Amino acid sequence: MIADVLADAEARMDRAVEAAKEDFATVRTGRANPQLFQKVMVDYYGSPTPLSQLASLNNPEARSLIVTPYDKSALKAIEQAIRDMPNLGANPSNDGNIVRVTLPELTADRRKEFVKLVRTKGEDAKVHVRGIRRKSKDELDALKSDVGEDELNRAEKELDALTKAHVDAIDEALKRKEAELLEV
């Protein structure tokens, strides 16, 4: 029973770390990256659809991206969704077949804003991991009558080690993203 609780906690913490890394990837650095558009939702025939399902993304240059829609009728909607995307500052242009997105050069102030944004996202991810720890600890406490006190203490120490490892993984990803953002 204790092993099940710990395995479940580890799996959920792993997913939280992966979600944090994906979230970090959506914050733009100096280069255009198709992952920046991962969370862009396009209003396609009345339903929000991820951009990756409607078009292919290529980056021929460092600061530009080409979006080639599978359905040409979605060009205007794709262009509008990219324009409305917060924290991107992109300026899309539509030539009838593709949408060309040019990202402006990042200023020092804008880079610092993005660092703050990434730190906030990292802190949110760490709070989520700690929430998973708290819930798992409650589950362990519920098993108190079935298992011994020593087993429970050992399991709590394992849970704390798991939590620390996952928080450290988030910190490491955060450090890499900050370095990437501040690199000129």
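Since this is a predicted model, take the numbers as computed values, not measurements.

*Asks:* Whenever I open this one, the overall build of the protein chain confuses me. Can you help?
*Replies:* For the protein chain, the helix and strand inventory stands at five helices and six strands. Traced from its N-terminal end to its C-terminal end, the protein chain shows the element sequence α-β-β-α-β-β-α-β-β-α-α. Against the 2.2 N^0.38 benchmark of 16 Å for 184 residues, the protein chain shows a C-alpha radius of gyration of 21 Å, more extended than a compact globule. Over its C-alpha atoms, taken along the principal directions, the protein chain stretches across nearly 70 × 40 × 20 Å. Sorting the 184 residues of the protein chain into buried and exposed places 40% on the buried side. Long-range pairs, those at least 24 residues apart, make up 62% of the contacts in the protein chain with a sequence separation of at least 6. As displayed, the protein chain offers around 10,400 Å² of accessible surface, 50% of which is attributable to carbon and sulfur atoms. Counting 30 positive and 34 negative side-chain charges, the protein chain places the averaged centre of each group 6 Å from the other.

*Asks:* What is the right way to read the packing of aromatic side chains from this model?
*Replies:* Between two aromatic rings, the relevant description is the distance of the centres plus the angle of the planes. Within the structure shown, the criterion is met by one aromatic pair. Each ring, one from tyrosine 44 and one from tyrosine 45, has its centre 4.7 Å from the other, and the planes form 65°; the classification is edge-to-face.

*Asks:* Before we go on, may I ask you to explain the nonpolar core in this structure?
*Replies:* One recurring pattern in soluble globular proteins: nonpolar side chains tend to sit buried together. Core analysis: the largest hydrophobic core is formed by 22 residues, its most contacted members being Phe37, Leu51, Val67, Ile78, Ile82 and Val101. When residues of this core are traced back to their parent elements, those giving at least two are helix H2 (51–54), strand E3 (55–61), strand E4 (64–69), helix H3 (75–84) and strand E6 (99–102). The dominant element in this core, judged by the number of residues it contributes, is H3, at four residues. Aside from chain neighbours lying at most four places away, what touches isoleucine 82 is Phe37, Val40, Leu51, Val67, Leu88, Ala90, Pro92, Val99 and Val101. Formed by 19 residues, the second largest nonpolar core is a distinct cluster that contains Val129, Leu140, Leu143 and Leu159.

*Asks:* Could you clarify how one ought to interpret helix H4 (residues 108–142) in this entry?
*Replies:* Since the α-helix turns once every 3.6 residues, residues separated by three or four places project in the same direction. The terminal C-alpha atoms of H4, which comprises 35 residues, lie 51 Å apart, in line with the 51 Å expected from a rise of 1.5 Å per residue. Where H4 is concerned, the buried positions are Arg111, Phe114, Val115, Val118, Gly122, Ala125, Lys126, Val129, Gly131, Ile132, Ser136 and Leu140. Considering only its buried residues, H4 is in contact with helix H1 (2–25) and helix H5 (149–182).

*Asks:* Explanation requested: the confidence of the model for the protein chain in the structure shown.
*Replies:* Any region with low pLDDT has predicted coordinates that should not be read closely. Mean pLDDT over the protein chain works out to 88, with 98% of the residues at or above the 70 mark. The secondary-structure element of the protein chain with the lowest mean pLDDT is strand E5 (residues 91–94), recorded at 85, while H5 shows the highest, at 92.

*Asks:* Would you mind showing me how to read the layout of surface pockets here?
*Replies:* In this approach the atoms are scanned with a rolling probe the size of a water molecule, which exposes any empty space left behind. Taken as a whole, the largest pocket spans an internal volume of roughly 170 Å³. Every residue along the wall of the largest pocket is listed here: Lys21, Phe24, Ala25, Asn33, Gln35, Ala173, Arg176, Lys177 and Glu180. Secondary-structure elements contributing two or more residues to the lining of the largest pocket are H1 and H5. Among the elements that take part in the lining of the largest pocket, H5 stands out by supplying four residues, more than any other. The residue inventory of the lining of the largest pocket, partitioned by class, reads three nonpolar, two polar and four charged.

*Asks:* Explain unusual backbone geometry here, please?
*Replies:* Only a minority of non-glycine residues have a phi that is not negative, and only a minority of peptide bonds are not trans. Although it is not a glycine, tyrosine 45 sits at a positive phi angle of roughly 50°. When you line up the elements, tyrosine 45 lands in the loop between strand E1 (41–44) and strand E2 (47–50).

*Asks:* For this particular structure, what's the right way to read the pattern of salt bridges?
*Replies:* Two side chains bearing opposite charge may form a pair once their charged atoms approach each other closely. A full pass over the atoms with the stated rule returns 18 salt bridges. Across the pair glutamate 139 and lysine 135 runs a salt bridge whose closest N-O atoms are separated by 3.6 Å. Of the two residues, glutamate 139 and lysine 135 both sit in helix H4, four residues apart, roughly one turn of that helix. You can call glutamate 139 partly exposed: its relative accessible area is 26%. The class of lysine 135 is partly exposed, set by a relative accessible area of 47%. Here aspartate 168 ties to lysine 164 by a salt bridge, and the two come within 2.9 Å at their closest N and O atoms. In this pair, aspartate 168 and lysine 164 both sit in helix H5, four residues apart, roughly one turn of the helix. Judged by relative accessible area, lysine 164 falls into the exposed class, the value being 53%. What you see here is one network of salt bridges that share partners, running through Glu123, Lys126, Arg130 and Asp171.

Reading guide: rules and limits
Residues numbered from 1 in each chain as written. Predicted model: local features only at pLDDT ≥ 70, side-chain atom pairs only at ≥ 80, totals over all residues. Heavy atoms only, no water. Helix = DSSP H or I, 4+ residues; strand = E, 2+ residues; numbered from the N terminus. Rg over C-alpha atoms; globule rule 2.2 N^0.38 Å. Buried < 20%, exposed > 50% of the residue type's maximum accessible area, 1.4 Å probe, protein only. Contact = heavy atoms within 4.5 Å. Areas by Shrake-Rupley, 256 points an atom, 1.4 Å probe, with all protein chains shown as cover. Lys, Arg positive; Asp, Glu negative; His and termini not counted. Charge placed at Lys NZ, Arg CZ, Asp CG, Glu CD. Phe/Tyr/Trp six-rings, centres within 6.5 Å; stacked < 30°, edge-to-face > 60°. Core = buried A, V, L, I, M, F, W, Y, C linked by side-chain atoms within 4.5 Å. Expected span 1.5 Å × (residues − 1). pLDDT = per-residue confidence, 0-100. 1 Å grid on protein atoms, 1.4 Å probe; cavity = no way out; pocket = protein on both sides within 12 Å on 5 of 7 lines; lining within 4 Å. Points joined across faces, edges and corners; volume = space filled by probe spheres on them. Nonpolar A, V, L, I, M, F, W, Y, C, P; charged D, E, K, R; others polar. Salt bridge = Lys/Arg side-chain N within 4 Å of Asp/Glu carboxyl O.

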